[in-house]
Amino acid sequence: MVETVRRVLVRVGAAPGLAGAVTVVASTAALVLGGVVAGLTGVVVVLSLLLVVSLTAVVVSGPLLVRIFLQRIGAPGLDGRGGHEGARLDLLFEEQERLAARLNRMDRQITLLRDQQAATLVERARQARESGDDLAAIRHYEDALVLTPADPALQRAHGELVDGVEAAERGTRGLARAVDRQLAAGHHAHAQTLLRRGLDRIPHSLRLRDRHVALLAHAGDHEEALAVARETAELRTAQWEDRRPAAHEARHLEAYQRIAISGFFYSGSGAAKDHLRGYRDVVSWPPKGELRIVKFPGGYVDLGRRLTAAGQLNAADLVDHYLHLVGRKLTGVAPGVYDTWEVVNANSRRMLREPARTAGYLAACMAGFLELVDRAEGGELQLEDVQALSRTTLQRALDAAATDNRAGWLLIDQVVTGWRLDQAVYLPPVSFVLVHRDPRDRFAEVRAVLEQPGRRTANRDPAAFARQARRHLAEAEQRVGWLESLGHRVLRLAFEDLVLEPQRTIPAIDDYLGLTGAEVEEQRFYPERSRRNVGKHVALVPPEELAVIEREAADLLDPRAVPAPDTG
């Protein structure tokens, strides 16, 4: 068997082109022809082309690697003695030339198939237009653009049809969707063409202007992007103010009415939030998800870091803050990959979709952006100035949110996390509910989340996780006095206390927040259900990893963190 393998390798090292060519041509032809027979669009064709390129690299480099390997192990016939080396190299070059010719022919065939498929889609678009189904025609044009994105006639036909449909409907919603599809496909030039056509027709369209800012910023034209963002911010502020409920009485929250739920990444803060959401006058903020404006890219902490590093905020920094607010940053990140900017995009767009609840908050945040631009352009801007502006802006924004939602308390989810309490300098005074939990149960849940593409890998190691848990808790404890000096309040809360001893713990929470006797609208917290999350590490974490955490963080372990008994 070993001798057979050796003989095969010697043959490949001597004449690798034949094996490589057969592999490339056969597998690529199978994929391309399979795609054509199945009637698929350009995805299979594109993948086949990529496969050709990849296999070419393998065939070119593979023989040299095989030859080096065989020479190292002393295989006969490849040591260069006897004058055969030159002949073998000539054979290698001839095989590579033949392979290159075959690949060129294959590339021409793929191009022909791609063009034929694009022509079929264009014909379907024509037929759809003749039958009056303009939306189907637009979809066919956009499928064709995936195959031939640089075809000027196709771009023109698509753009004219989209523009014509929008003109008839007197809006820009469909055009914005068409732009988004082009951006998702990476066709930025065509997206920009569509935007300019739409803005020529409706220059005040906010959704088109936001995408225009994003494209300008992505292209590096930050000065122009800032000019458009500034004009759009003024339009947006006026629009959002007009959308606010007029009859609601203005509310100005105190520190105890701004409840900041904070945790340490799967520390169980959601249970405390569920309890508080049950009160009639307590409103979660934002309506969905966490509040990202402080801690995520383009937010106030990010601006402070950039200012500290560069000594000033430039147009790119200010544009990023605007794109944070409207959720339009172009990242190029593949779907399904965790990316903090994409998290911001998703959260901010959700806010924009609920104007009845968010208009006042958003108007205040946009007014803060305009003030920041004026301050940055008007003179020297210090870190303390950005922090003070953040506190003022967020206080106005949260008051507006309370007014529009008739809230007595705002329950602000994870505006800063338990391990970054230093970021509270960007907040108006709030009442922190700081939730901690046995690190073994946290690790049981963290391990699964960190498997997602794009997530950091540092916390997957149990020893590193345990040491970090210890450090985070110690830093949080050290910052309590400093937080209180800024006007904040801090309640430390163990998840195990909340779910195992609710009769004692819940009254203490309510007293701290001024909720004693408040009306319960709907029970959302069920301690008996949450107890299932206590001790879950026993079933989910291997014993050897548990031993590491228990050794590294012995003083953080809760003796009650054992699985609840099965009551049947």
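Remember, it's a predicted structure, so these values are computed and weren't measured experimentally.

1. Some details on the pairing of strand S4 (residues 431-436)
Consecutive side chains of a regular strand alternate in pointing toward one face of the sheet and then the other.
Right, so step 1: Burial within S4 is extensive, with five of its six residues counted as buried.
Right, so step 2: When strand S1 (residues 258-262) meets S4, the two strands line up parallel, connected through four bridges. For Ile259, the partnering residue across the bridge sits in S4 and is Ser431.
Right, so step 3: Note: S4 against strand S5 (residues 489-494), six bridges, orientation parallel. Bridge assignment links His436 to a residue of S5, and that residue is Ala494.

2. Quick word on unusual backbone geometry
Most of the time, phi is negative for any residue but glycine, and the peptide bond is trans.
Right, so step 1: Pro286 follows Trp285 through a cis peptide bond whose omega is 0°.
Right, so step 2: A positive phi angle is found at Arg406, which is not glycine, with a value near 50°.
Right, so step 3: Relative to the assigned elements, Arg406 resides in the loop between helix H16 (383-405) and strand S3 (409-413).
Right, so step 4: Positive phi outside glycine occurs at Gln414, with the angle close to 55°.
Right, so step 5: Position of Gln414 relative to the elements: it lies in the loop between S3 and S4.

3. A short note on the pattern of salt bridges
Right, so step 1: One pass over the full model with this rule turns up 39 salt bridges.
Right, so step 2: Here Arg126 and Glu130 are joined by a salt bridge, their closest N and O atoms 2.3 Å apart. On the criterion of helical spacing, the pair formed by Arg126 and Glu130 is a turn pair, its members being four residues apart in helix H4 (residues 85-130).
Right, so step 3: Of the residues examined, Arg126 reaches a relative accessible area of 37% and is grouped as partly exposed.
Right, so step 4: Classification of Glu130 by relative accessible area gives exposed; the value is 59%.
Right, so step 5: Lys295 is the salt-bridge partner of Glu290, the closest N and O atoms lying 2.9 Å from each other.
Right, so step 6: Look at Lys295 and you get buried, because its relative accessible area is 15%.
Right, so step 7: Taken together, the salt bridges that share partners define one network made up of Asp302, Arg306, Asp317, Asp320 and Lys329.

4. What to know about the packing of aromatic side chains
Right, so step 1: Taken as a whole, this structure holds four aromatic pairs when the rule is applied.
Right, so step 2: Note on Tyr322 and Phe369: the rings are 5.4 Å apart at their centroids and 55° apart in plane angle, and the pair reads as tilted. Taken together, the residues Tyr322 in helix H13 (residues 315-326) and Phe369 in helix H15 (residues 355-378) connect sequence positions 47 residues apart. Neither residue differs from the other here; Tyr322 and Phe369 are each classed as buried.
Right, so step 3: Cation over ring: Lys329 sits above Trp341, and NZ or CZ is 5.3 Å from the ring centre.
Right, so step 4: Above the ring of Tyr526, the side-chain terminus of Arg529 is found at 4.2 Å from the ring centroid.

5. Focus on the packing of helix H7 (residues 173-184) against helix H9 (residues 206-218)
Right, so step 1: Two numbers describe how H7 lies on H9: the axes approach to 9 Å, and their chain directions differ by 20°. Accordingly, the angle class assigned to the pair H7 and H9 is roughly parallel. The crossing of H7 and H9 is left-handed. Together, Arg173, Leu175, Ala176, Val179, Asp180 and Leu183 of H7 and Arg207, Leu208, Arg211 and Leu215 of H9 make up the contact between the two elements.
Right, so step 2: Grouping the amino acids of the contact of H7 with H9 by side-chain chemistry returns six nonpolar, no polar and four charged.

6. Let's talk about the nonpolar core
Right, so step 1: Tyr361, Phe369, Leu410 and Phe432 are the most contacted members of the largest nonpolar core, which has 68 residues in total.
Right, so step 2: Excluding its chain neighbours within four sequence positions, the residues that come into contact with Phe432 are Ala260, Ser262, Val416, Leu421, Ala424, Leu427, Leu483, His488, Arg489, Val490, Leu491 and Tyr512.
Right, so step 3: By size, the runner-up hydrophobic cluster in this structure holds 27 residues, among which are Val162, Ala191, Leu194 and Leu215.

7. A closer look at H9
Right, so step 1: Taking 1.5 Å per residue as the helical rise, H9 with its 13 residues ought to reach 18 Å, and the 18 Å between its terminal C-alpha atoms agrees with that figure.
Right, so step 2: Among the residues making up H9, those that are buried are Leu206, Leu208, Arg209, Asp210, Arg211, His212, Val213, Ala214, Leu215, Leu216 and Ala217.
Right, so step 3: Looking at the buried side of H9, the elements it contacts are H7, helix H8 (188-201), helix H10 (222-243) and H13.
Right, so step 4: Sitting at the head of H9, Ser205 places a side-chain oxygen 3.4 Å from the backbone nitrogen of Leu208.
Right, so step 5: Positive backbone phi, at 90°, marks Gly220, one or two positions downstream of H9.

8. What to know about the sheet that holds S5
Right, so step 1: Read across the sheet, five strands follow the order S2-S3-S1-S4-S5 without closing on themselves; strand pairing throughout is parallel. The open sheet terminates on both sides in strands that have one partner only, identified here as strand S2 (282-285) and S5. Sheet twist, expressed as the average angle between the axes of neighbouring strands with direction ignored, equals 25°.
Right, so step 2: As paired elements, S1 and S3 share four bridges and run parallel to each other.

9. Quick look at the packing of H10 against H13
Right, so step 1: It is the contact of H10 with H13, at a shortest axis distance of 9 Å, that shows an interaxial angle of 40°. Considering the angle they form, H10 stands oblique to H13. Between H10 and H13 lies a crossing of left-handed hand. On H13, the residues touching His222, Glu223, Ala225, Leu226, Ala229, Thr232, Ala233 and Arg236 of H10 are Ala315, Ala316, Leu318, Val319, Tyr322 and Val326.
Right, so step 2: Across the contact of H10 with H13, the residue classes break down as ten nonpolar, two polar and two charged.

10. Some words on the confidence of the model for the chain
Atom-level detail of predicted coordinates should not be read off regions where pLDDT is low.
Right, so step 1: Looking at the chain as a whole, the pLDDT averages 85, with 82% of positions reaching at least 70.
Right, so step 2: Confidence drops under a pLDDT of 50 for residues 1-26, and excluding neighbours within four residues, the segment shows 30 contacts in the predicted structure.
Right, so step 3: Note on residues 78-82: pLDDT is under 50 here. Beyond four places in sequence and across chains, it has six contacts.

11. Quick look at the environment of Ala255
Right, so step 1: As for its position among the elements, Ala255 is in the loop between H10 and S1.
Right, so step 2: For Ala255, a relative accessible area of 17% corresponds to the buried category.
Right, so step 3: Separated by 154 residues in sequence, Ala255 and Trp409 have C-alpha atoms that sit 9.7 Å apart.
Right, so step 4: Those residues in contact with Ala255 that sit more than four places away from it in its chain are Pro429, Val430, Ser431 and Gly487.

Reading guide: rules and limits
- Residues numbered from 1 in each chain as written.
- Predicted model: local features only at pLDDT ≥ 70, side-chain atom pairs only at ≥ 80, totals over all residues.
- Heavy atoms only, no water.
- Buried < 20%, exposed > 50% of the residue type's maximum accessible area, 1.4 Å probe, protein only.
- Helix = DSSP H or I, 4+ residues; strand = E, 2+ residues; numbered from the N terminus.
- Pairing = 2+ DSSP bridges.
- Salt bridge = Lys/Arg side-chain N within 4 Å of Asp/Glu carboxyl O.
- Phe/Tyr/Trp six-rings, centres within 6.5 Å; stacked < 30°, edge-to-face > 60°.
- Lys NZ or Arg CZ within 6 Å of the ring centre and 35° of its normal.
- Axes fitted to C-alpha atoms, helices over the stretch in contact; angles between N-to-C directions.
- Parallel < 35°, antiparallel > 145°, perpendicular 65-115°, else oblique.
- Left-handed = near helix turned anticlockwise from the far one by under 90°.
- Contact = heavy atoms within 4.5 Å.
- Nonpolar A, V, L, I, M, F, W, Y, C, P; charged D, E, K, R; others polar.
- Core = buried A, V, L, I, M, F, W, Y, C linked by side-chain atoms within 4.5 Å.
- Expected span 1.5 Å × (residues − 1).
- Polar contact = N/O pair within 3.5 Å; in protein donor to acceptor, adjacent residues only side chain to side chain.
- pLDDT = per-residue confidence, 0-100.

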